[in-house]
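Fold and geometry: a report
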Amino acid sequence: MSTFQAPEEEELQIENKYLKEKKIGEGTYAKVYRGIERATGRTVAIKKIKLVQTEIGSQGIELSAVREVKCLRELRHPNVIELIDIYSHKSNLKLVLEYLDSDLEMIIKDKSILFQAPDIKSWMLMTLRGLDHCHRNWILHRDMKPNNLLVGKDGQLKIADFGLARDYGDPHAKNMSPQVVTRWYRAPELFFMPSQYGYAVDIWSVGCIFAELLLRTPYLAGESDLAQLELIFKALGTPTEEDWPGFSELARDMKFQKYSRTPLQVHFKAAGSDAIDLLEKMLTYDPNKRINTREALLHSYFRKLPRPTPPDQLPKQKKTQENVIQQKELNSKPTIQNRGEQTEHRKRKAQEISNKGEKKIHRS
Amino acid sequence: MKELFTETSQYRNWFYSKEKLQEIREKNHASAVERVKQRMLEEAELQKSIPTRGEQPERINSPRLNPAEIEYLKMEDELALCNYYQTQIPLVVSKFPEEIQKNKFTDKVKASAITYVKRFYLRNTMMDYHPRDIIITCLFLAAKTEFSFVPIEDFIKFLPTKATKEVFFDLELIVARSLRYEFTIHHPYLSAYGLFLDMQTVLKDAKTIQVIYEKSKEFIHKSLFTDTMFLYQPSQIALATVRIAAKELNFNLNSYFSIKFNSEPKEKLDSLYKKLDEIENIIKEYEPTPLNKAKEIDARLHKCKNPEKNPNSAISRKRKLEREGLEDADNHKKKKIEDEYQKSLEEVFK
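Conventions and cut-offs
- Counting starts from 1 at the beginning of each chain's written sequence and moves along it residue by residue.
- Written order decides the labels, with chains lettered from A and ligands numbered from 1.
- Predicted model: local features are reported for residues with pLDDT of at least 70 only, side-chain atom pairs are reported and counted for 80 or more only, and whole-chain, interface and lining totals are derived from all residues.
- Helix and strand assignments follow DSSP, with helices taken as H or I runs no shorter than four residues and strands as E runs no shorter than two, numbered in order from the N terminus.
- Between the buried cut of 20 or more and the exposed cut of 12 or fewer other C-beta atoms within 10 Å of a residue's own C-beta lies the partly exposed class, and all C-beta atoms are placed from the backbone.
- In this description, a residue-residue contact is defined by the distance between C-beta atoms placed from the backbone, which must lie within 7 Å.
- Residues are grouped as follows: Ala, Val, Leu, Ile, Met, Phe, Trp, Tyr, Cys and Pro are nonpolar; Asp, Glu, Lys and Arg are charged; all remaining types, including Gly, are polar.
- Start and end positions for the domains come from either an automated domain assignment or a database one.
- Paired strands, as defined in this entry, are two strands with at least two bridges between them according to DSSP.
- To estimate the expected span of a helix, count its residues, drop one, and scale the result by 1.5 Å.
- Axis lines are fitted to C-alpha atoms, over the contacting stretch for helices. Their N-to-C directions set the angle, which ranges from 0 to 180 degrees.
- Should an angle fall under 35 degrees it is called roughly parallel, over 145 degrees roughly antiparallel, and 65 to 115 degrees roughly perpendicular, with every other angle called oblique.
- Crossing handedness: left-handed means the near helix sits turned counterclockwise from the far one by under a right angle, and right-handed means the same turn made clockwise.
- UniProt positions are given in the numbering used here, feature names are shortened, and annotations may be inferred rather than shown by experiment.
- Only buried residues count toward a nonpolar core: Ala, Val, Leu, Ile, Met, Phe, Trp, Tyr and Cys, linked into one set through C-beta atoms within 7 Å.

**Description of the overall build of chain A**
Scanning chain A for helices and strands turns up 12 helices and 10 strands. Across the 364 residues in chain A, those meeting the buried criterion constitute 43%. Taking the intrachain contacts of chain A between residues at least 6 apart in sequence as the baseline, contacts between residues at least 24 apart amount to 67%.

What follows is the structure, encoded as structure tokens:
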């Protein structure tokens, strides 16, 4: 980047660096193409942001694109997707992103792959490292789920889809939207419509991902918001004022059945005691007591044997489907299909779409 | 703090030495004048060949004017005018209903908008883009990037602007590109708030500290119109403004400074104090551009605007025809390929 170059020229140069090849996915807000960087032959994903008509008419650059670009421009980490370049062409914004083959959801779903404890530890370590980098840069992801954790050929896991992300850390931040995070991974405090919350919402999601890796099926798959909360309480016990100071005030207009807490070990029989302890600390009701990324990375789970599998030795899918690639790079993807034949998968997708459908357009 | 600041786009791409900043401005201004001059010549040539009757493009310059004699804005003119329009941002905000002002246009949104304007004109010339629309575009974009979105319709409704929303959408992309899509700005406000909290724990006089903090925000606001954002870290600007505020209130911050910094090596301390003095001087010496001066420059600007950006100029019409020609050729090519494909299909059945 030259300081003396005119913006138009600079952008033309960027545009000419890439060759668009074929479309690999489409959603409401974006189309994704596979492309190559001419000079190096490196494969990239080119995400073309559409100018969408919302119910209040066009508003220029799409808001989720603004959010994503703002965050990714500040982040540089091996476990966060790299935004290589940006350019606009005929009033369309194009993001050039790292190209990755697979994602954690596909790996979890692929029953031909066997996981060992060190593999799970490795994915968790990479997820937490990436998330720690986001949080250290005052960025909340707000949509952590296996589908948004991309996995490259070299086994490196990268956090992607920052369309819901925002910066945080401003003590005066207000009016934060509670309508964030895909339902199954949504922290309990978000169901009580707070106007302010923090990094802990991402940690809860990572706890759910951890559980999903251990169980190989979504841990808390609620069918509606209310059912989700009920499901959480069933699994972890209805919180008391002691577990979560302020809970009775939050829930004053609602009645919840009192479930008692079953030790996690009962559901997660194969998990070691360190894993259970970390999981418990991530799925803590009180957001103020929930573990943060720093503490989690220093947890004995990561320091004790077995060591995490090196990324390039992690199990991976034998064949990745072209049409599935990087579809998570789309902010909202109700139109995507061809995601495999399993009916279960379809059901999950439908669930996800209905989750997404709840999102309002002008979230802040 | 330092370590984290070096990871930001603000440090990587928008942080310079005084000499470098001057060099960027001089070089960019010189090449802008050169480019606009070329377009003026081209426009004058084209105008000559256009018949005087019938459909005639609006002439930007008086036909008798010799393009070689046009007076272009000087770098100092652009800086002064940029300064004037930056100070209009808080005024623009004041045109909105109370509720929008309070809930949407926070200090942070205004500060980002002002910074966007400043960054924009570091890479662009007013002879291409008039600041009147740019400041509104920057405010619209800053509201988006700071999570305080305000629909474009409100801008058009409450502001005395003739521009349509499409104009702002086009400009939004131009602004975003000039900012290199780097929307995150670290302002001194947050650092000042941190200092305020820290001073409360170290010093006893809570009431005075509150007054100092409130006062320091006024100086931060003032600093936004200066070059400090390109030259110093936000935490240094915050420290300097807190120090100015304390001085004005006759409050001695020495005890706080000695508790906080005395363990630092002497050279580091000296360099910090030198920077604080520099920031203080810049803020104290700052004078807004007076209206009559802005008007005078604006009048000159009208005579040297790049004809290429005026849709009614001869040069724009020529460019449009050229583009259409290219698109036609493109369509023609596509058509040819399609025809050939159809033919090859027919041949299959032969």
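**Considerations on the interface of chain B and chain A**
On the chain A side, the residues contacting the 28 residues of chain B number 25 residues. Of all elements in the fold, only helix 2 (9–13), helix 3 (18–48), helix 7 (131–145), helix 9 (165–178) and helix 10 (188–202) of chain B reach the threshold of two or more residues within the side of chain B that touches chain A. Looking at which element gives the most residues to the side of chain B that touches chain A, the answer is helix 9 of chain B, with seven residues. Within the side of chain B that touches chain A, the residues separate by chemical class into 13 nonpolar, nine polar and six charged.

**Digging into the domain arrangement of chain B**
Splitting chain B by domain gives domain 1 (19–51 + 64–185 + 292–307), domain 2 (188–285) and domain 3 (311–350). For domain 2 of chain B and domain 3 of chain B, the distance between their C-alpha centroids amounts to 63 Å.

**Focus: the environment of B:Thr125**
Residue and element names in this part refer to chain B. For Thr125, the location among the structural elements is in the loop between helix 6 (107–123) and helix 7. Residue classification places Thr125 among the buried positions, given that 23 C-beta atoms sit within 10 Å. In sequence terms Thr125 and Val33 are 92 residues apart; their C-alpha atoms lie 8.5 Å from each other. Dropping the residues within four chain positions of it, Thr125 is found in contact with His29, Ala32 and Glu78.

**Thoughts on the pairing of strand 2 (residues 30–37) of chain A**
Residues and elements named next belong to chain A. Pairing of strand 1 (residues 18–26) with strand 2 involves seven bridges; the strand directions are antiparallel. Residue pairing across strands places Lys23 opposite Tyr33, the latter belonging to strand 2. In this antiparallel pair of consecutive strands, strand 1 and strand 2, the connection spans three residues. Strand direction decides the pairing type here: strand 2 and strand 3 (residues 43–49), joined by seven bridges, are antiparallel. Its bridge partner being in strand 3, Lys31 is matched across the sheet by Lys48. What sits between the antiparallel neighbours strand 2 and strand 3 is a turn of five residues, in which Gly41 has the positive phi angle 80°.

**As for helix 5 (residues 200–215) of chain A**
Taking 1.5 Å of rise per residue, 16 residues should cover 22 Å, and helix 5 of chain A covers 23 Å from first to last C-alpha, within 8% of that figure. Once helix 5 of chain A finishes, A:Arg216 follows within two positions and takes phi at roughly 65°, a positive value.

**Considerations on the sheet that holds strand 3 of chain A**
Residue and element names in this part refer to chain A. In spatial order, the strands read 1-2-3-5-4; together these five strands make up an open sheet with antiparallel pairing. Edge positions in the open sheet fall to strand 1 and strand 4 (83–89), since each of these has one partner strand only. Neighbouring strand axes in the sheet, compared pairwise and without regard to direction, differ in orientation by 25° on average.

**Some thoughts on the packing of helix 4 (residues 117–136) of chain A against helix 5 of chain A**
All names here are of chain A. Helix 5 packs onto helix 4 with a crossing angle of 165° between their chain directions and a minimal axis gap of 10 Å. Here helix 4 is positioned roughly antiparallel relative to helix 5, judged by the angle of their axes. Helix 5 is crossed by helix 4, and the crossing has right-handed handedness. Contacts between helix 4 and helix 5 involve Ile120, Trp123, Met124, Thr127, Leu128 and Leu131 from the first element and Asp202, Val206, Ile209, Phe210, Leu213 and Leu214 from the second.

**Digging into the UniProt feature "binding site: ATP" (unreviewed entry) in chain A**
Residue and element names in this part refer to chain A. Sites flagged by UniProt as "binding site: ATP" (unreviewed entry) map to Ile24, Gly25, Glu26, Gly27, Thr28, Tyr29, Ala30, Lys31, Val32, Lys47 and Lys48. Spanning 25 residues, the named residues form one tight spatial group whose C-alpha atoms are at most 14.3 Å apart. With 22 C-beta atoms packed within 10 Å, Tyr29 lands in the buried category.

**Observations regarding the nonpolar core**
Within the largest apolar cluster, 151 residues are counted, with the highest numbers of intra-cluster contacts made by A:Met282, B:Val117, B:Cys138 and B:Leu139. Residue-level mapping places this core at the junction of two domains, with at least three residues from each of domain 1 (19–51 + 64–185 + 292–307) and domain 2 (188–285) of chain B. Residues in contact with B:Cys138, not counting those within four places in the same chain, are B:Ala113, B:Tyr116, B:Val117, B:Phe120 and B:Val175.

**Side note on the sheet that holds strand 6 (residues 102–103) of chain A**
Read across the sheet, three strands follow the order 6-8-9 (chain A) without closing on themselves; strand pairing throughout is antiparallel. Two strands bound the open sheet, and with one partner strand each, they are strand 6 and strand 9 (157–159) of chain A.

**What to know about the packing of helix 7 of chain B against helix 9 of chain B**
Residues and elements named next belong to chain B. Their axes nearest at 9 Å, the elements helix 7 and helix 9 cross at an angle of 75°. Classed by the angle they form, the pair helix 7 and helix 9 counts as roughly perpendicular. Here helix 7 contributes Asp133, Ile134, Ile136, Thr137, Cys138, Phe140 and Leu141 to the contact with helix 9, which in turn contributes Val167, Phe168, Leu171, Glu172, Val175 and Ala176. Considered class by class, the residues forming the contact of helix 7 with helix 9 number 10 nonpolar, one polar and two charged.

**Some remarks on the pairing of strand 4 of chain A**
Residue and element names in this part refer to chain A. Across six bridges, strand 4 lies against strand 5 (residues 92–98) in antiparallel orientation. Directly across from Tyr87, in strand 5, lies its bridge partner Lys94. Taking the residues between adjacent antiparallel strands as the criterion, strand 4 and strand 5 are bridged by two residues, where Lys90 takes a positive phi near 45°.

**Let's talk about helix 2 (residues 63–72) of chain A**
Of all 10 residues in helix 2 of chain A, 10 are buried; the element is thus mostly enclosed. Those residues of helix 2 of chain A not exposed but buried are A:Leu63, A:Ser64, A:Ala65, A:Val66, A:Arg67, A:Glu68, A:Val69, A:Lys70, A:Cys71 and A:Leu72. On the buried face of helix 2 of chain A, the contacting elements are strand 3, strand 4, strand 5, strand 7 (139–140) and strand 10 (166–167) of chain A together with helix 7 of chain B.

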